[in-house]
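Next come the chains, spelled out residue by residue.
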Amino acid sequence: MVQELISGLAMGCVYALVSFGFVLVYNAVGAVNFAHGEMVLFGGYFGLIATSWLHFPLWVALIFSLAAMAGLGLVYNRVAYYPIRHRPAATVIIASIGMSILLRNSALALFGPDPLKLDSFLGDRVFSMGDVVVGQHHVLIIALTLILFLGLSFLFDRTSIGRKLQATAQDQEAARLMGINVNRMITLTFVLSALLASVAGFLLAPVWFLDPDVGLVVILKAFIVIVIGGFGNIRGMMAGGLFLGVVEVLVASHVTSEYRDVISFLILIAVLVALPRGFFGEKIAQKV
Amino acid sequence: MLVTLAARDRWWKGRVPGPSEVRVGVIGSMTSGLAQLGQRQINSAILAAEEWNSEGGSPGQKIRLITEDSGDSTTLAITALDRVLNKSPCAVLGPIYSFQLFALFPEIRKEGIVLISTSGTRELTQKNNPWYFRLYPHDGFIKQVCATFAVEELKSRRPALMCVTTEYGRSGHEILVETLKTMGVTPVVETWHNKDDKDMTGQLMAVKRAKADVIISQAHPPDTAILLKQQRGLGIDVPHVASSAASMPTVHELVGAAMEGVYVEAAAEPNFDPDPRMQAWTKKYVETFNTRPDSFAVLFYDSARFLFEAIRAVGPERANIAAWLRRNTYQGLAGTYAFDREQNGAFFAVMLQYRMEQGKAIPSVAKKYDFTPSKQGSFIERPKKVVIARTPHLMRGTWQSHEIASLRSQ
């Protein structure tokens with residue numbers, strides 16, 4: 001059971017990380033970013049370019065990936081959001097679907113259809129405690145995600161820039177009247193989301209491998225996590241991610257592996273019925 | 001764009017192939033996650049056609065391939081077939097995925113055109129489709145090999161079955177269970193996963209709890225890689241008998257050290273086969289496409305060549321091609337092909353065991369199985385003619401170290 005819990009928590013952490021980057025953009029621009037799964041994918045692919053093509057060590061590859069993803073976040077904002085920012089949300093969503101297709105097919109053209117592996121900082125090493133064997137990479141995922149979430153909580157709650165980002169996400173017009181440069185904050189949000197995608201891609205790639213369709217799987221998980229956790233806050237993303245990760249492993253191991261996804265979606269529906277705003281969803285009255 | 005495509009199709013449809021070219025359709029996954037197998041097969045068809053044409057091919061006629069992408073859905077496969085048929089081919093080399101092949105069957109039957117594929121799914125040739133020909137050892141044969149190997153060679157009494165939920169996985173699972181049952185063995189646990197699943201921890205933990213002594217898996221390349229890697233990562237050190245996907249070089253790169261000791265069913269192993277013809281072909285394939293071929297690729301190449309032989313013998317008339325294929329045998333790179341009553345054409349397999357040497361997965365033959373009609377005489381349609389005679393090379397046993405070394409240096 002310990003082994004299952006740790007594996008489930010590790011997967012849940014990655015889901016939470018992906019979901020948070022996804023929700024950041026949603027809150028900032030009021031539209032779902034369907035290309036976020038492909039952003040995660042490219043986070044891993046940039047790491048692969050750095051290690052396999054440029055022969056950089058892994059830690060340099062992470063910096064390379066972060067820098068490249070920051071650039072991609074900027075480009076995304078300039079190309080697929082900024083020119084249509086005053087259009088209805090549906091237009092922005094369709095643009096994100098276009099970006100998703102563009103990025104997925106670019107990945108196919110650049111890297112081919114075969115799954116590719118990015119090494120882990122800890123290799124394939126494991127911790128063994130009696131009958132329990134845990135991959136060190138899984139422990140790294142959990143530790144790094146916790147650190148990132150603490151850092152993000154600090155950024156949003158304790159810093160001026162974080163409060164400006166929150167203000168922009170809550171009400172762009174009010175934020176503008178308060179003297180906040182809304183366009184700059186939205187650009188920063190896209191960059192922050194891309195950076196989180198980079199880290200998620202780096203953590204996922206050694207476990208899931210990278211192929212052009214990984215983004216689709218990732219974004220589907222993120223949707224579930226967001227609905228379970230609630231669209232509002234970091235705790236919700238974390239709880240939703242961990243819940244989904246652990247449930248998936250336990251269902252496959254103890255109940256049925258054949259209908260694991262069916263049960264996951266049944267849980268999603270049950271949560272929607274019982275808690276329409278998720279575990280930690282904001283009450284609408286608070287936003288008035 | 002749609003108008004342009006429609007106009008192009010109309011133009012093609014109205015165009016009758018000239019006497020100097022014979023058109024052959026090639027449908028395979030060139031995009032999506034399924035392209036891992038599909039693209040290699042299309043490469044094989046291109047290579048076969050180029051060689052055929054440069055060798056002179058059919059007198060006065062060149063083979064022209066009409067290639068279309070079947071992506072990862074039945075809809076795309078049907079669209080691809082429609083587009084190919086618009087260009088009046090005499091036969092079609094089809095996709096490997098059975099869910100796509102099943103979807104193509106009604107139109108293939110209606111059009112009366114030969115469809116050849118290298119899919120292993122048993123049911124494909126049980127649909128009484130006279131136009132479908134399979135040139136790959138089917139699951140009914142190769143899964144029996146896996147189950148028999150696990151019980152007789154590995155002495156398994158508590159096997160675990162881990163299968164993908166596609167038609168391929170379900171078909172294989174059914175045969176594995178039946179074969180084990182005939183040997184008095186019942187799987188201690190049976191797990192399932194979707195082809196896009198990325199985490200198999202739950203399934204593997206169920207296997208660990210059940211104290212299985214052998215894992216037999218039936219999966220596609222990406223999920224096979226995840227299964228093998230996670231099995232070792234979770235400290236489950238029982239032998240693993242994997243389906244043919246685990247013989248692919250790309251899977252070895254993903255799995256790394258966890259390939260040590262893994263048993264893999266395969267129709268052929270082009271990268272480590274010492275036969276000079278196979279070596280030359282593999283070298284040419286790598287040089288041309290910058291990727292290593294797998295067993296599916298080499299059998300697809302053989303399929304294309306077998307089809308071209310038929311075209312040379314009887315011309316582009318579809319019914320004549322089908323009749324010729326049923327009557328004749330063909331000695332290809334991987335082995336001898338001859339169709340039985342159901343139009344299954346390959347009855348040979350090897351059980352490979354991989355060892356890690358200097359970071360590379362090197363196979364050796366753990367057991368060989370060969371039940372081609374010419375050897376057993378157990379099939380209805382007796383071969384009447386061997387097209388290309390050559391020394392049988394398949395399944396010689398463990399490859400010699402100098403042969404492996406020469407391949408490594410490629």
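As shown above, the structure is provided for reference.
Predicted, not measured: the structure shown is a model, and the values here were computed from it.

Caption draft 1: Fine view of the overall build of chain B. A tally of regular secondary structure across chain B gives 14 helices and 14 strands. Residues classed as buried in chain B amount to 54% of the 410 residues present. When contacts within chain B are restricted to residue pairs at least 6 apart in sequence, long-range pairs at least 24 apart make up 69% of them.

Caption draft 2: Region of the structure containing the overall build of chain A. When its secondary structure is counted, chain A shows 12 helices and two strands. Its helices and strands taken in sequence order, chain A reads α-α-α-α-β-β-α-α-α-α-α-α-α-α from the N to the C terminus. Taken over C-alpha atoms, the radius of gyration comes to 19 Å for chain A, in line with the 19 Å a tight globule of 288 residues would show. In terms of overall dimensions, chain A has C-alpha extents of about 60 × 50 × 35 Å along its principal axes. Per-residue burial for chain A yields a buried fraction of 48% across its 288 residues. Considering only contacts in chain A between residues 6 or more positions apart, those separated by 24 or more positions represent 74%.

Caption draft 3: Representation of the interface of chain B and chain A in the model. Contact residues are listed per partner, giving 28 residues for chain B and 29 residues for chain A. Taken together, the elements giving at least two residues each to the side of chain B that touches chain A come down to helix H2 (35–54), strand S7 (189–193), helix H7 (201–209), helix H8 (221–233) and helix H9 (249–255) of chain B. No other element matches the five residues that H7(B) contributes to the side of chain B that touches chain A. Partitioning the side of chain B that touches chain A into residue classes produces nine nonpolar, 15 polar and four charged.

Caption draft 4: Highlighting the pairing of S7(B). Residue and element names in this part refer to chain B. Across the five residues that make up S7, a large majority, four, are buried. Alignment of strand S6 (residues 159–164) against S7, held across five bridges, turns out to be parallel. Following the sheet pairing, Met162 is matched in S7 by Thr191. Of the crossover connections in this fold, the one passing from S6 over helix H6 (residues 167–182) to the parallel S7 is right-handed.

Caption draft 5: Representation of the pairing of strand S14 (residues 360–370) of chain B in the model. All names here are of chain B. Bridging between strand S13 (residues 348–357) and S14 involves 10 bridges; their strand directions are antiparallel. When the sheet's bridge partners are listed, Phe348 is paired in S14 with Asp370. In this structure, the hairpin formed by S13 and S14 is closed by a connection of two residues, where Gln358 is found at a positive phi of approximately 50 degrees.

Quick notes on the rules
Residues numbered from 1 in each chain as written. Chains lettered and ligands numbered in written order. Predicted model: local features only at pLDDT ≥ 70, side-chain atom pairs only at ≥ 80, totals over all residues. Helix = DSSP H or I, 4+ residues; strand = E, 2+ residues; numbered from the N terminus. Buried ≥ 20, exposed ≤ 12 C-beta atoms within 10 Å, placed from the backbone. Contact = placed C-beta atoms within 7 Å. Rg over C-alpha atoms; globule rule 2.2 N^0.38 Å. Nonpolar A, V, L, I, M, F, W, Y, C, P; charged D, E, K, R; others polar. Pairing = 2+ DSSP bridges. Right-handed = clockwise from strand over helix to strand, strands pointing away.

Scope: geometric values only; no functional claims are made or implied.
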